[in-house]
Amino acid sequence: MNVTLAVKQYISKMIENSGPGMKVLLMDKETTSIVSVVYTQSEILQKEVYLFERIDSQNRDSMKHLKAICFLRPTKENVEHLIQELRRPKYSVYFIYFSNVISKSEIKALAEADEQEVVAEVQEFYGDFIAVNPHLFSLNLCGVARGRSWEPTLLQRTTQGLTSVLLALKKCPMIRYQLSSDMAKRLGESVKQIITKEYELFDFRKTEVPPLLLILDRSDDAITPLLNQWTYQAMVHELLGLNNNRIDLSRVPGISKDLKEVVLSAENDEFYANNLYLNFGEIGTNIKNLMEDFQKKKPKEQQKLESISDMKAFVDNYPQFKKMSGTVSKHVTVVGELSRLVSERHLMEVSEVEQELACQNDHSSASQNVRRLLQNSRVNELDAVRLVMLYALRYEKHSSSVLPGLLEELNKKGVSERYRRMVMSMVEYGGKRVRGSDLINPQDAVAITKQFFKGLKGVENVYTQHAPLLQETLDQLIKGRLKDSQFPYLGPSSLRDRPQDITVFIIGGATYEEALAVYNLNRTTPGVRIVLGGTTIHNTKSFMEEVTLTTAAGHGGERTHRASGHPNRR
């Protein structure tokens, strides 16, 4: 159950299939992202791929000495581009791979265009998703809902992405969905339809316990994406924004030219891989150790290169040294910028109040603390609005709610009307009326006692008290206690044994905090393998955009339709 490995193997296979010789990799906008997240350019160069081109680029030169490997999504536009390409081929031979199912009629159109017989093979390799971490994938889709219904084209794209993950992992699952979400049911039915239609593709070796696909809706837990984060990957995404493993640092004061955009990938950055899930304090210590280690290995200026063997040793170690130098400067810059933002935006104070809102039940203390922070000029617009949103979700039905007063405080602070409106949009999106789950526990004596003991036992610090709802849902699922009445099965059969291979998909986007919860469950629950996916991976800003798009849009019906086809499948 490793999505990164699945995509890497597909790409390696494509390159191997084309045999020895110089190659060009022809991609579209989406497959470029799919490839770049799992492979660096230098890794692919080692496999004799010397050129990377976009299929929609008009000004490509004819290079008959190159073989073309085409990795494309099976869209009408891409098929049309390929038809034009095959009528006037620029390369000697074409190996064509689609990232999902392609129809027979489109295969026929390609065959008819191939008059010069340059196509060596056409195959389906199901890498139609972004493999963010080994246990986390995204479809990079924002604003998938119109009110409480799917945006029709995005239901189709999400179905394709999710079925390609199942095919890549070789799973034909039973499906459970969140009953309170019509969108979850629609997606489940849409996936089931594809499994039934393409039954030959899903004919995998039966396992003792069938795999499970659990489809959830983001609106059931609108609190998690609103919280500040304190583990490395999550914090980088929250404060700087991670886009296909890239961070834009161009706005950082005094940034050097070569660090304006950096790549953070656990696949080829050992420090990042080791620190992905550690908290900010530990990262500070590890950065210091990395620096000290680097200082020891640094070639000394006065080091005399007297003998040939001295020179050889220096040259042999130089690439490693240069790589380490790049790693050190990158992480020191990123952590330095995180640190600057934490202090500039008073994020430790803000985060403490966020955690109190998310995890505790003291209305008087919470309302005073939120008001105090709103009156602090150092707390910026985004942090002020997220605090009021958390308050609005937490104390939505409280008899002494001070929400109108807090909205007035936002107004006094000069927060834009657009942001102030978002507070009520958030309640409309993820409030009590919508939720199917018990996101905010009723505070009876038992619940308070349980929370008190949990506080003594399982919380590292005041900034990480919160556990996402997903953690509780998966815990119940693994123990066989997840209620069928809230998460029914699609179809007549149900799972009698404890599930082993679980794919969880969140409509409306997952978060890195949830990815951390899944990582920890995988680590601590022997025999259970979980992969998490979402229509996107949110930070607070992107989540607020998602909510605005969802609540602003009307409702509408959808239909999906696609023809089937059977080229060579993998």
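Definitions and limits used
Residues numbered from 1 in each chain as written. Predicted model: local features only at pLDDT ≥ 70, side-chain atom pairs only at ≥ 80, totals over all residues. Heavy atoms only, no water. Phe/Tyr/Trp six-rings, centres within 6.5 Å; stacked < 30°, edge-to-face > 60°. Buried < 20%, exposed > 50% of the residue type's maximum accessible area, 1.4 Å probe, protein only. Helix = DSSP H or I, 4+ residues; strand = E, 2+ residues; numbered from the N terminus. Lys NZ or Arg CZ within 6 Å of the ring centre and 35° of its normal. Expected span 1.5 Å × (residues − 1). Arc of directions from axis to C-beta. Contact = heavy atoms within 4.5 Å. Pairing = 2+ DSSP bridges. Right-handed = clockwise from strand over helix to strand, strands pointing away.

1. Details of the packing of aromatic side chains
Then, in step 1: Tallied over the full model, the rule gives twelve aromatic pairs.
Then, in step 2: Centre to centre, the rings of Phe202 and Phe204 are 6.3 Å apart; their planes meet at 70°, and the pair counts as edge-to-face.
Then, in step 3: Overall, Phe204 belongs to the buried group, its relative accessible area being 19%.
Then, in step 4: Between the aromatic rings of Trp230 and Tyr463, the centroid separation amounts to 5.4 Å while the plane-to-plane angle is 45°, which identifies the pairing as tilted. A residue pair is termed long-range when its members are at least 10 positions apart, and Trp230 in the loop between β11 (212-217) and α8 (232-239) and Tyr463 in the loop between α17 (445-457) and α18 (469-478) qualify at 233 residues. Tyr463 matches Trp230 in its accessibility class, with the two residues each being buried.
Then, in step 5: Among the aromatic residues, ring-to-ring pairing joins Tyr10, Tyr97 and Phe125 into one connected group.
Then, in step 6: Taking NZ or CZ as reference, Lys8 lies 4.9 Å from the ring centre of Tyr39, over its face.
Then, in step 7: The ring of Tyr395 has Arg394 lying over it, and the distance from NZ or CZ to the ring centre is 5.1 Å.

2. So, helix α13 (residues 363-374)
Then, in step 1: Here α13 is twelve residues long and its end C-alpha atoms lie 16 Å apart, about the 16 Å a rise of 1.5 Å per residue gives.
Then, in step 2: If you check which residues of α13 are buried, you get His363, Ala366, Ser367, Asn369, Val370, Leu373 and Leu374. Summarising the axial view, the buried residues of α13 lie within an arc of 165°, below the 170-degree limit, and thus occupy one face.
Then, in step 3: Those residues of α13 that are buried lie in contact with α12 (347-359), α14 (381-394) and α15 (403-413).

3. Considering the sheet that holds strand β14 (residues 261-263)
Note: strands within a sheet are paired through backbone hydrogen bonds, in either parallel or antiparallel orientation.
Then, in step 1: Strand order in this open sheet of three strands is β12-β13-β14, and the pairing throughout is antiparallel. The open sheet has two edge strands with one neighbour each: β12 (242-243) and β14.
Then, in step 2: Note: strand β13 (residues 246-248) against β14, three bridges, orientation antiparallel. Bridged to Asp248 within β14 is Glu261.

4. Some points on the pairing of β11
Then, in step 1: With six of six residues buried, β11 is to be regarded as a mostly interior element.
Then, in step 2: Taking every second residue as pointing to the same face, both faces of β11 are buried, with Leu212, Leu214 and Leu216 on one and Leu213, Ile215 and Asp217 on the other.
Then, in step 3: Since strand β10 (residues 174-177) and β11 lie parallel, the crossover through helix α7 (residues 182-197) that links them has a hand, and here it is left-handed.
Then, in step 4: With six bridges joining them, β11 and strand β15 (residues 501-507) adopt parallel strand pairing. Following the sheet pairing, Ile215 is matched in β15 by Phe505.

Geometric values such as these leave the question of function open.
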